[in-house]
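Architecture and fold: a report
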Amino acid sequence: MQSNTDSSGSGTYSQTVGLLYVFNLIVGTGALALPKAFQSAGWLLSISLLTFSAFMSYVAATFVIEALSVANAVLSKKRRVEYDDVVVADGPSTFEIAKKVEVSEMASMFLSKVSLVFSYFAIIIYLFGDLAIYSTTVPKSAMNIVCSTINASTVKSTDPCHESWPEIFSRMAVYRIFVIVFVVIVCLPMVIAGITKTRHIQIMTTLSRWAAFILMISLATVQLSSQGAAAHPPAYNFHGFGSLFGCAVYAFMCHHSIPSLITPMRTKDNVFGKIAVVYGIVGVFYFTLSLTGAFAFEHVQDIYTLNFLHDDNTSFVYSIIDYFLALFPIITLTSSYPIIALTLINNFKVVKDILCPKTGQENESLLEADNQVEENDTDDNREGRITRNERNVFDVLVPALVLALPTFLSLLTDDMLLLASITGSFPGVAVQFAIPCLLVTAARKHARSVLNFPVPRKNNSPFQSPVWIVIISSWAGFSMIVVLLNLVGVKF
């Protein structure tokens, strides 16, 4: 959890590179569900909601950056124990973002125990949803590569994978086989080994993402220009609000990684304005991807890349492109799954330590050797072995739970749009909106009352009025209620 690192040495990069990283982080696989959500909710409602949701997400992102500057001032004060408070001299301000302080560490700095536990549970549930989406998207993509065409609206999950195959091998059965293979055979060994994404894998993932999205936009545009619109979505359909809102939140999720991307920038001049430009570019990118898809295909799949698989173009080049697009989620999500799983495991362990803190005697017992001789088997030693056994059981149960629950959800349903909607609408709202609001409110109070100095204007979010907290909270609350009504079948 202690992960504050200095950005003054190697490992820094220019602001332009940092902003490109922010763009790459936001534009993830969550965008693959947007075209289906656009087609379901209507083009006008989709444009309006995605624009407003993007703006609210940007406001919350500026809150995280402001809280990060206060966290740096706190660390600076700890290093300068000879001063009674923080004094801003002619040199760099103590509020300058020089140390990486993760969101979880900022929560430990500024929030009460109740708010801290809420933050961790929100992140944990969100990561569970993330893993469920991953363990659904990859097997569903693999199943559709193996099985026959999916673009017809009459295809059902109970249909055979191929007409010549036994009935037991339905599309859903093959999908579930791929779920087990993906989680147990592919991802579990990587999680156990603690494998994380290397620089080479990151470069490959970034290049494949750009290639895939550019290809999807280009192919859909060509299809629209040559064949005209295959579908005519309505201007609005409020019954599709739930899936659209959840996907919009999920598609703009970056807040938990902001400290890792902003801190290494060599300069933070006008960072709020430049991140606003990034959000604007992402918004245009999403609109182009979603609108071309919503009109180009009569039935948009919940994983948009699948619309390009088994199409009418049978040329060699088109076949290569189609299979690349179908493989794109498999490549990117397989490399990310172990990172999300390990992050989730670590968050579980932190929550356990918060709720059940170790005593000094227990901490000492963890250091005792396992090969204690029998004659020294005192009560304290027996207690030490019990503590070690409890720890070992916890270390086994948590990874099993982390993999088992999302896998179970994936085995129940292959509806990626539903999973993205629920993940974005409930835990996603907490991570993207609630936690930044809690952090910035507590950080501003800490700066005034403990540091005895307000946050400098340069590090201030442009949204200083408490009204913005109310607006974000009201928007999040209203949207969650509408999503819940949509899920239970209430029509508008």
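So, here is what we can say about the structure in this document.

Cut-offs applied
- Residues numbered from 1 in each chain as written.
- Predicted model: local features only at pLDDT ≥ 70, side-chain atom pairs only at ≥ 80, totals over all residues.
- Heavy atoms only, no water.
- Helix = DSSP H or I, 4+ residues; strand = E, 2+ residues; numbered from the N terminus.
- Contact = heavy atoms within 4.5 Å.
- Disulfide = S-S within 2.5 Å.
- Buried < 20%, exposed > 50% of the residue type's maximum accessible area, 1.4 Å probe, protein only.
- Salt bridge = Lys/Arg side-chain N within 4 Å of Asp/Glu carboxyl O.
- Expected span 1.5 Å × (residues − 1).
- Bend = angle between axes of the 7 residues up to and from the residue.

**Some points on the overall build of the protein**
- Within the protein one finds 16 helices and zero strands.
- In the protein, of all internal contacts separated by at least 6 residues, the share reaching a separation of at least 24 is 85%.

**Re the state of the cysteines**
- Applying the stated criterion across every chain, the model contains one disulfide.
- Each disulfide pairs two cysteine sulfurs, and for Cys147 the partner residue is Cys161, the sulfurs being separated by 1.9 Å. Because the torsion about its S-S bond is -110 degrees, the bridge between Cys147 and Cys161 counts as left-handed. In this pair, Cys147 is assigned in the loop between α5 (113-146) and α6 (171-193) and Cys161 in the loop between α5 and α6, connecting sequence segments 14 residues apart.
- A residue is classified by how much of its surface remains accessible, and Cys147, at 1% relative accessible area, is buried.

**Looking at the pattern of salt bridges**
- With the rule as written, the count across this model stands at five salt bridges.
- Among the ionic pairs, Glu102 bridges to Lys100, the shortest N-O distance being 3.7 Å.
- Take Glu102: its relative accessible area is 16%, and that puts it in the buried class.
- A salt bridge links Asp302 to Lys140, with the shortest nitrogen-to-oxygen separation between them at 2.8 Å. Of the two residues, Asp302 is situated in the loop between α10 (271-296) and α11 (316-355) and Lys140 in helix α5; the sequence distance between them amounts to 162 residues. The two residues Asp302 and Lys140 agree in class, both being buried.
- What emerges from the salt-bridge pattern is a single network uniting Glu96, Asp269 and Lys458.

**Considerations on the side chain of Ser461**
- Inspection of the secondary structure puts Ser461 in the loop between α15 (427-449) and α16 (466-487).
- Ser461 has contacts with Thr62, Phe63, Glu66, Phe272 and Arg444, leaving out every residue within four places of it along the chain.

**Some points on the environment of Leu44**
- Residue placement: Leu44 occurs in helix α3 (residues 43-79).
- Each C-alpha atom, one on Leu44 and one on Asn237, is 9.3 Å from the other, the two residues being 193 residues apart in sequence.

**As for α6**
- In this model, α6 (23 residues) spans 32 Å end to end at C-alpha, consistent with the 33 Å of a helix rising 1.5 Å per residue.
- Taking the largest bend as the criterion, α6 deviates by roughly 45 degrees, centred on Cys187, and proline Pro189 comes between one and four positions later.
- Within the sequence span of α6, burial applies to Arg171, Met172, Val174, Tyr175, Val179, Phe182, Val183, Cys187, Met190 and Val191.

**Re helix α2 (residues 34-41)**
- Counting buried residues in α2 gives six out of eight residues, a clear majority hidden from the surface.
- For α2, the complete set of buried residues consists of Leu34, Pro35, Ala37, Phe38, Gln39 and Ala41.
- Against the buried residues of α2 lie α3, α8 (241-251), α10 and α14 (416-425).
- Immediately downstream of α2, the backbone of Gly42 shows phi near 95 degrees, a positive value.

Spatial relationships are all this shows, so hold off on functional conclusions.
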